[in-house]
Amino acid sequence: MKAQLSSQGWLFKLHSNTTRVGRHEDSDLCLRNAGVEDRHALIEWREGEGLRGEGSYVLTDLNSAHGTYVNGCRVHNASVGLSHADLLHFGYGGPAYQLSLETSTPLPQLPRHQSPAPPVCVWGGATSPTARTPRPPSRSPTPRIRPASAGARRPGSWCGATGSRGSKSSAATQNTHTLQRLLQEKEECVCRLEEEVGRLRVCESECVRKERLISSLRDEVAELTHTQAELTHTLTHAQAQADLTHTLSNLQTDVTLKTQQILELTEQTEQCRLAVTERDLKISTLRSQLDKLKTEHTRNTGLVTSLQHDLSSRDSHTVKLTAEMERLRHDIRHKDAQLHNISNKFSKKQQSESLAHQNEVNTLKKSVESLEVCVSDTHRDLRLTRADRDTLRSTLDRKTQELSGLSVELDKLKQQLSEVQTNTQEQGALASRIGTLMIRPPHGQSLSSESRTITRSSC
C-alpha cells in the first residue's frame, strides 16, 4: 500500500518497509525543528495489522524527550497504528503532517434493508462530528482528530457502558499527563540541587584555601619562635632582656590565641567536609530514586497504552457483534411476517414449507443466543481490564505521595546548606582578620593592643 505525508504544499512518500524520522542526516525524513532528536521515530508497514488483517502503518516513538503526537495524543516510547487522514507532530514548534493512504479495497457497506446503526468509529480514523478532541501543545491552525488506535472516545447510544468506558480512558490519559508534569518538576528540583552541589564545591575549595592559609600561619609562628630563640641567645643587656621578655610574653599569648583559632578553624572545616559528603550521598540516593520512578512511569505508560489498544479493539468487536445482532433480529422479524402471511393465504398443503421456515427461524434464534453469549464474555473481559487499570492508578497515586515526601526532604537539605554557607562566610571574615594581623610587624605595646582587640572581637 502506498502512503505519503503532506504539509503546506510539500509531499513525502513513505518507504514500503520502514521510514526513519529524526534530525540525523541518515534519516529518511530529516527534520530541523525544535524538540526533534537524531533518532526520533519510525513509521513501519506491518502485515496482518488492522481490523481486517490487510496490514497498516505503525508509528513507533524511540523514547524521545518531547514525544510524538498523533491527532493531538502524545505517544512516548510506544507504538500506535495509523490510518488515513491522521495528523502527525514530531517534537514541538514544527508543522503538522497529514497521512494519506491509497487503498485498493473499498470499505464495507451495510445492506439497504438494515436499520441504521448507532454512530461509531469507522476504520480509517474518522469519528463522530460531535466528539471533542484534544489539541497538541504546539498550536496549529488545522483541527485534529483522535485515531481509533490511540484510544479515542466512543459515542455509545446503543449501550450506556461504552460512554463511561471512553471517559475512563480519557481520565487515564489525563493521569499520565499529570504524572509527566510531576516528573518534569522533579527534574527541575534535581537541577536546582545540582546547582547547590556546585555551590558546596565552591565552599569546599574555600575550605582548602583556608587550610593553606592556616599552614602558612603555622609556618610564620614557627619562624617567630625561631626568632624568639635567637633573640634570647643574642641579647645580653638587662633592659633589652626585660623588653624582650615583655615582647616574648605578648608573642606567646598571641601564638596561643592563634593556635586556638587554628584548631577551631580546622574543626569547622572538618564539619563542613562531613556535611558536604552527607549532602552528596543524599543527592545520589535521590537521583537513584528519581531514575527508578522514571522507569516505573515509562512501564506504567506502556501498560496504559496497551490497555487502551485492547479496549479499542474490543469496542470495535462489540460494535460489529451488535450490528450483526440487529441485522439478524431484523431478518427474524421479516421472516415472522412472511410466515404469518403465508399461513393466512395458503392451505394446509403448504404447511411443510412453513415448518421448514420455522426451522430456519429456530436456527437463527440459536445463532442470536450464541452471539449474546459472546457479547457477555466481552463485557466480562472489559470489567477485568477496568480492574487492572484501577490497580495501576492506585500504584501511580502511591508514587506521587513518595515524590512529595522527597520534595520535603529536599527543602530540609536546602535549609542546612544555607546554614553551612553562613558559617563559611564567618570563617572567611575571621581568616581575613588573622591575615591582616600576621602581616603587621610586632612593635611592643601596639601589637598587644591589636591582639587584645582581635581576641575580644573573636570572643
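Residues numbered from 1 in each chain as written. Predicted model: local features only at pLDDT ≥ 70, side-chain atom pairs only at ≥ 80, totals over all residues. Heavy atoms only, no water.

(A) The arrangement of the overall build of the protein in detail. Helix and strand content of the protein: four helices and 11 strands. Residue burial in the protein is summarised as follows: out of 459 residues, 35% are buried. When the accessible surface of the protein is summed, it comes to about 27,500 Å², and 54% of that surface belongs to carbon and sulfur atoms. (Helix = DSSP H or I, 4+ residues; strand = E, 2+ residues; numbered from the N terminus. Buried < 20%, exposed > 50% of the residue type's maximum accessible area, 1.4 Å probe, protein only. Areas by Shrake-Rupley, 256 points an atom, 1.4 Å probe, with all protein chains shown as cover.)

(B) Geometry of the pattern of salt bridges. If you walk through the whole model with that rule in mind, you get 12 salt bridges. Residue Glu278 is joined to Arg279 by a salt bridge in which the shortest nitrogen-to-oxygen separation is 3.9 Å. On the basis of relative accessibility, which here comes to 43%, the residue Glu278 falls in the partly exposed class. We classify Arg279 as buried; its relative accessible area is 6%. (Salt bridge = Lys/Arg side-chain N within 4 Å of Asp/Glu carboxyl O.)

(C) A look at the sheet that holds strand β5 (residues 41–46). Taking strand neighbours across the sheet as the criterion, the five strands line up as β4-β3-β5-β6-β9 in an open arrangement whose pairing is mixed. A strand with exactly one partner marks an edge of an open sheet, and here the two such strands are β4 (29–30) and β9 (79–81). Summarising the sheet, β5 and strand β6 (residues 56–61) pair through six bridges and their orientation is antiparallel. Considered in β6, the bridge of Trp45 is made with Tyr57. (Pairing = 2+ DSSP bridges.)

(D) Highlighting the sheet that holds strand β10 (residues 87–90). Read across the open sheet, the six strands follow the order β2-β1-β11-β10-β7-β8; overall the sheet is antiparallel. Each end of this open sheet is capped by a strand with a single partner; those strands are β2 (11–13) and β8 (73–75). The mean inter-strand angle of the sheet, taken between neighbouring strand axes irrespective of direction, is 30 degrees. In the sheet, strand β7 (residues 68–70) pairs with β8 via three bridges, with the strands oriented antiparallel. When the bridges of β8 are listed, Tyr69 appears paired with Arg74. (Axes fitted to C-alpha atoms, helices over the stretch in contact; angles between N-to-C directions.)

(E) Molecular detail of the nonpolar core. Among the nonpolar cores identified, the biggest contains 23 residues, and Ile43 and Phe90 are the most heavily contacted of them. Those elements that place two or more of their residues in this core are β1 (2–6), β5, β6, β10 and β11 (97–102). Sequence-distant contacts of Ile43, defined by excluding residues within four places in its chain, comprise Leu5, Leu14, Asn17, Thr18, Thr19, Val21, Tyr57, Val58, Leu59, Leu82 and Leu88. (Core = buried A, V, L, I, M, F, W, Y, C linked by side-chain atoms within 4.5 Å. Contact = heavy atoms within 4.5 Å.)

(F) Spatial organisation of the pairing of β1. Of the two faces of β1, the one lined by Ala3 and Leu5 is fully buried and the one lined by Lys2, Gln4 and Ser6 carries no buried residue. Two elements, β1 and β11, share five bridges in a ladder whose sense is antiparallel. The partner of Ser6 across the bridge, within β11, is Gln98. Bridging between β1 and β2 involves three bridges; their strand directions are antiparallel. Bridging across to β2, Gln4 finds its partner in Lys13. Connecting β1 to the next strand, β2, in antiparallel fashion are four residues, including Gln8 with a positive phi near 55 degrees.

(G) The side chain of Thr378, seen in detail. For Thr378, the location among the structural elements is in helix α3 (residues 351–439). Thr378 has contacts with His317 and Thr318, leaving out every residue within four places of it along the chain.

(H) Quick peek at unusual backbone geometry. The backbone of Asn63 sits at a positive phi, close to 55 degrees, despite the residue not being glycine. Here Asn63 shows up in the loop between β6 and β7. Look at Asn63 and you get partly exposed, because its relative accessible area is 44%.

(I) Region of the structure containing the packing of aromatic side chains. Throughout the structure, instances matching the rule amount to four aromatic pairs. Ring geometry for Trp10 versus Phe12: centroids 6.1 Å apart, planes at 15 degrees, classification stacked. The class for Trp10 is partly exposed, based on a relative accessible area of 39%. By relative accessible area, Phe12 is classed as buried at 15%. Residues Trp10 and Tyr97 carry aromatic rings whose centres are separated by 6.1 Å and whose planes lie at 70 degrees to one another, so their mutual orientation is edge-to-face. One end of the pair, Trp10, is in the loop between β1 and β2; the other, Tyr97, is in strand β11, with 87 residues separating them in the sequence. (Phe/Tyr/Trp six-rings, centres within 6.5 Å; stacked < 30°, edge-to-face > 60°.)

(J) Representation of the confidence of the model for the protein within the structure. Model confidence for the protein is summarised by a mean pLDDT of 77, while 77% of its residues fall at 70 or above. Here helix α4 (residues 445–458) stands out as the least confident element of the protein, with mean pLDDT 51; strand β3 (residues 18–22) is the most confident, with 94. (pLDDT = per-residue confidence, 0-100.)

(K) Fine view of the environment of Ser367. Here Ser367 shows up in helix α3. Residue classification places Ser367 among the partly exposed residues on the basis of a relative accessible area of 25%. Considered as a pair, Ser367 and Met325 are 42 residues apart in the sequence and their alpha carbons are 9.1 Å apart.

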